[in-house]
Amino acid sequence: MKIGILTSGGDCPGLNAVIRGAVIKGDKLFEDEFIGYKDGWRGVIDGDWMTLPRRRVRGIGRIGGTILGTSRSNPFADGEDGAEIVRRHMDENDVDGIIAIGGDGTLFTANRLFEAGIPVVGVPKTVDNDLDATDYTFGFNTAVEIATESLDRLRMTGDSHHRCMVAEVMGRSVGWIALHSGMAAGAHVICLPEFPLTIGEICGYVKSAFDRGRAPLVVVAEGFVPKDAPEGFMDYDLDEFGRPRFGGIAQALAPIIEERLGIESRATVLGHIQRGGEPTGYDRVLATRLGTAAVDLVHHNGFGRMVALRGTEIVDVPLTEAIDSVKAVPRNRWDEMRILFG
Ligand code: F6P
């Protein structure tokens, strides 16, 4: 078969391991031919792709980013008949199926294409770990490791200066990175979008840690807004898709803590550092398994479905499951963490 692969949406450590896993398995087992679209759906729309022979994926599993490039473009933008564009490309180039690696937006587009008759399978990815259809997404573990190491460093300098350190991590509508890295680093309060605390509650935990002689560490997910925040507290610009471009909640909280409690406070935004760099061993393994499973899905006519992790097994589920609901931090995980605050 001739299979096209693309990586779309925000990049994520492990994308190259998926590509490598798919190409090696397809080449060895089925003598498949692969092409890689540059910059996600843009490469399909513009006919911009490269061949992916086995030698092209040599050694890439341990490299971060994506050798194909990525973008947030989609074939249905500006009222275009996306399915027709993709079908024309596939017919002209004898492509039998597409493996789309991406987050909710990419998988939504993949499902729309599938419903219009395009043979496409999905591989879920996001550092935020917010896709309900899979237990973990690759990239998340790497992001948590990077964030944890950064938080350890912040604690050290915070201890030396007896300061409150406020660290902002990724997480648009869910706080998985904040929860896991904050828990690992022993944060004194973690602010999740799912369970908004008031500014008073945050200050209460900071004061209690400080009064015990600790340098308080506050971890805040970028999408967090305090429960009692006044209207317009965080006034984000919108990106080209109308989504808030987050960043800045830590800088907003630190001076408030300092003013209310008289504790010198500093803010750090980890930002895209969490998405760059080499994937952890865990993410390389998960991504490789998903890549090999995606090839099986193509060969078993599993179009309209995506591969997923359930427990320790790789399974496949309808693409619609990925776009139906966001995987929020559940209350029991919040309760078990909250008891450790302060
Ligand atoms: O959705 C994944 C994510 O990393 C979010 O955590 C973050 O808000 C967003 O992407 C950043 O997007 P961009 O790379 O387009 O700035």
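Cut-offs used in this document
Residues numbered from 1 in each chain as written. Predicted model: local features only at pLDDT ≥ 70, side-chain atom pairs only at ≥ 80, totals over all residues. Heavy atoms only, no water. Pairing = 2+ DSSP bridges. Helix = DSSP H or I, 4+ residues; strand = E, 2+ residues; numbered from the N terminus. Axes fitted to C-alpha atoms, helices over the stretch in contact; angles between N-to-C directions. Contact = heavy atoms within 4.5 Å. Parallel < 35°, antiparallel > 145°, perpendicular 65-115°, else oblique. Left-handed = near helix turned anticlockwise from the far one by under 90°. Near = heavy atom within 4 Å. Polar contact = N/O pair within 3.5 Å; in protein donor to acceptor, adjacent residues only side chain to side chain. Areas by Shrake-Rupley, 256 points an atom, 1.4 Å probe, with all protein chains shown as cover. 1 Å grid on protein atoms, 1.4 Å probe; cavity = no way out; pocket = protein on both sides within 12 Å on 5 of 7 lines; lining within 4 Å. Sits in = over half its atoms within 2 Å of the grid points. Expected span 1.5 Å × (residues − 1). Phe/Tyr/Trp six-rings, centres within 6.5 Å; stacked < 30°, edge-to-face > 60°. Buried < 20%, exposed > 50% of the residue type's maximum accessible area, 1.4 Å probe, protein only. Lys NZ or Arg CZ within 6 Å of the ring centre and 35° of its normal. Arc of directions from axis to C-beta. Points joined across faces, edges and corners; volume = space filled by probe spheres on them. Nonpolar A, V, L, I, M, F, W, Y, C, P; charged D, E, K, R; others polar.

Quick word on the sheet that holds strand β6 (residues 164-169)
Sheet strands associate in pairs through backbone hydrogen bonding, adopting either a parallel or an antiparallel arrangement. Spatially, four strands are ordered β7-β8-β6-β9 in an open sheet, and the strand pairing comes out parallel. Edge positions in the open sheet fall to β7 (189-191) and β9 (265-269), since each of these has one partner strand only. Taking the axes of each pair of neighbouring strands and ignoring which way they run, one obtains an average angle of 15 degrees across the sheet. Taken together, the three bridges between β7 and strand β8 (residues 217-221) define a ladder with parallel strand orientation. Looking at β8, one finds that C191 is bridged to V220. Contacts from helix α6 (residues 176-185) reach β6, β7 and β8 within the one sheet, and its direction differs from that of β8 by about 165 degrees. Contacts between helix α8 (residues 249-261) and the sheet are confined to β6, β8 and β9, with β9 contributing the most and set at about 175 degrees to the helix.

Re the packing of α6 against helix α11 (residues 331-338)
Contact pair α6 / α11: the axes reach a minimum separation of 12 Å and the direction vectors enclose 30 degrees. With respect to each other, α6 and α11 are oriented roughly parallel. Considering only the axes of α6 and α11, their crossing is left-handed. Contacts between α6 and α11 pair W176, L179, H180 and M183 from the former with R333, E336 and M337 from the latter.

Describing the site of the ligand
Around the ligand, the surrounding shell consists of R72, V127, D128, M170, G171, R172, E222, H272 and R275. E222 places a side-chain nitrogen or oxygen 2.6 Å from an oxygen atom of the ligand. H272 places a side-chain nitrogen or oxygen 2.9 Å from an oxygen atom of the ligand. Starting from 400 Å² of accessible surface for the ligand in isolation, the protein chains cover 77%. Of all the cavities here, the one that holds the ligand is the largest pocket.

Regarding helix α7 (residues 199-211)
Residues that lie three or four places apart on an α-helix share one face, since the helix turns once every 3.6 residues. When the terminal C-alpha atoms of α7 are compared, their 18 Å separation across 13 residues agrees well with the 18 Å that a helix rising 1.5 Å per residue should span. Structurally, α7 contributes buried residues whose contacts are with β6, β7, β8, α8 and α11. Within two residues after α7, G213 carries a phi angle of roughly 85 degrees, on the positive side.

Some thoughts on the packing of aromatic side chains
Within the structure shown, the criterion is met by five aromatic pairs. Ring geometry for W334 and F341: centres 5.6 Å apart, planes at 75 degrees, overall edge-to-face. Relative accessible area serves as the criterion here: at 9%, F341 is assigned to the buried category. Through successive ring pairs, a cluster of aromatic residues spans F195, Y205, W334 and F341. Above the face of the F76 ring, R112 is positioned so that its terminal group lies 3.8 Å from the ring centre. Over the aromatic face of Y136 sits the side chain of K327, whose NZ or CZ is 5.9 Å from the ring centroid.

Topic: α11
Taken residue by residue, α11 has R333, W334 and M337 as its buried positions. Along the axis of α11, the buried residues cluster in a sector spanning 100 degrees; they form a single face. For α11, exposure combined with an orientation more than 90 degrees from the buried face picks out R331 and N332. Along its buried surface, α11 packs onto α6 and β7.

Observations concerning the layout of surface pockets
Approximately 1000 Å³ is the volume attributed to the largest pocket. For the largest pocket, the lining is made up of 43 residues, of which G10, R72, R172, D239 and R243 are closest to its centre. Counting residues per element, the ones that place at least two in the lining of the largest pocket are α4 (104-115) and β6. For the lining of the largest pocket, the element with the highest residue contribution is α4, accounting for six residues. Of the residues in the lining of the largest pocket, the class split is 13 nonpolar, 15 polar and 15 charged.

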